[in-house]
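# Secondary and tertiary structure notes
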Amino acid sequence: MLKNRIEDIRVKTRNMDRAQKREYIITYYWHYMLIAVIMAALAALIIYHFTCGNRRPLFSLAIINQENDYKRDEKIQDGFSKAYGIKSRDISVSSDYLLSYGSIHPANANESMFERFFLSWDSGAVDAVIMPESFFKYCIGNGGEFMEITDKWHSGADMDQCLYKQGNASTGIYIDSTSLAGDFTSSSKDPLLLVFMKNSSHITECMDFVKFVTKG
């Protein structure tokens, strides 16, 4: 069909000069050209979606029940990026998670974000979380699993006092003992913990983040 149309154009414009041919094609075939442009744009959009648009970050940090502070989140993201040579766009830090659970009901809690958090966790889209100890216990009580932080994750002799213990296993780091302490609001009754999801596939980045927040 396309071959026939091209041949038809050649026949009809045989005796025209270049300007006349251009005017003729634009006048009678503009709609075909528009369709071609739209199809090319759709093809480019589909290719982008499956190559770049659907790509997950190399490290994703969720922050639970803290002030929604994009400047602080960006500072953590950029600091980790520069320290370990990871592109900033491959790191995600989000404090959008104001969640109600158990007896905890913060102002402006968002039920949809509660569902989004657990769905993201289940799909492996969350690598690490800064959360109150009470939320950690809530997650454990509902079958949540976290990585154990071993000696391979850090190189500091004083790390033992920074680690949160669950039985004999170290499953978190007290935020107050890290370089991020000044960026968050914590309490002795419900301290903030940095924990790592057991189903994360970005172990190297998780280990690097531990070093990043405990280096100072």
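Below is a summary of the structure that appears in this document.

What counts and what doesn't
Residues numbered from 1 in each chain as written. Predicted model: local features only at pLDDT ≥ 70, side-chain atom pairs only at ≥ 80, totals over all residues. Heavy atoms only, no water. Helix = DSSP H or I, 4+ residues; strand = E, 2+ residues; numbered from the N terminus. Buried < 20%, exposed > 50% of the residue type's maximum accessible area, 1.4 Å probe, protein only. Contact = heavy atoms within 4.5 Å. Pairing = 2+ DSSP bridges. Axes fitted to C-alpha atoms, helices over the stretch in contact; angles between N-to-C directions. Core = buried A, V, L, I, M, F, W, Y, C linked by side-chain atoms within 4.5 Å. Salt bridge = Lys/Arg side-chain N within 4 Å of Asp/Glu carboxyl O. Parallel < 35°, antiparallel > 145°, perpendicular 65-115°, else oblique. Nonpolar A, V, L, I, M, F, W, Y, C, P; charged D, E, K, R; others polar.

### Observations regarding the overall build of the protein chain
When helices and strands are counted, the protein chain shows six helices and six strands. From first element to last, N terminus to C terminus, the protein chain shows the α and β order α-α-β-α-β-α-β-α-β-β-β-α. The 216 residues of the protein chain split such that 36% are buried. For the protein chain, restricting intrachain contacts to residue pairs at least 6 apart in sequence, the fraction spanning at least 24 positions comes to 63%.

### Notes on unusual backbone geometry
Peptide bonds are, in most cases, trans, and in most cases residues other than glycine have a negative phi. Of note, N65 is a non-glycine position whose phi angle comes to about 55°, a positive value. Within the secondary structure layout, N65 lies in the loop between β1 (59-64) and α3 (70-84). For N65, a relative accessible area of 16% corresponds to the buried category. Although it is not a glycine, N108 sits at a positive phi angle of roughly 65°.

### Focus on the pairing of strand β4 (residues 163-166)
Two strands pair when backbone bridges link them, and β4 and strand β5 (residues 169-174) are joined in this way by four bridges, in the antiparallel orientation. The residue bridging L163 from the neighbouring strand is I173, located in β5.

### Quick look at the sheet that holds strand β3 (residues 128-132)
One open sheet accounts for six strands, arranged β2-β1-β3-β6-β5-β4; its pairing is mixed. Strands at the two margins of the open sheet, each flanked by one partner only, are β2 (91-97) and β4. On average, each strand axis in the sheet is inclined to that of its neighbour by 30°, with strand direction left out of account. Strands β1, β2 and β3 of the sheet are contacted by helix α4 (residues 111-122), whose axis makes an angle of about 145° with β2. Each of β1, β3, β4, β5 and β6 (192-196) is contacted by helix α5 (residues 133-141), which is oriented at about 115° to β3, the strand it contacts most.

### Let's talk about the nonpolar core
One finds F59, L61, I130, L194, F196 and F209 to be the most contacted residues of the largest nonpolar core, which totals 29 residues. Contributions of two or more residues to this core are made by β1, α3, β2, β3, β6 and α6 (203-214). No other element matches the six residues that α6 contributes to this core. Contact partners of I130, with chain neighbours within four places excluded, come to L61, A62, I63, I64, I175, L180, F184, L192, L193 and L194.

### Here's the deal with the pattern of salt bridges
Tallied over the entire structure, the rule returns four salt bridges. For D183, the salt bridge identified is with K75, shortest N-O distance 2.9 Å. In this pair, D183 is assigned in the loop between β5 and β6 and K75 in helix α3, connecting sequence segments 108 residues apart. In this structure, K137 engages E133 in a salt bridge whose closest nitrogen and oxygen atoms are separated by 3.7 Å.

### Examining the packing of α3 against α6
As a packed pair, α3 and α6 sit with axes 11 Å apart at the nearest point and diverge in direction by 105°. The orientation of α3 relative to α6 falls into the category roughly perpendicular. On α6, the residues that touch I76, G79, F80, A83 and Y84 of α3 are E205, D208, F209, K211 and F212. Here the residues of the contact of α3 with α6 sort into six nonpolar, one polar and three charged.

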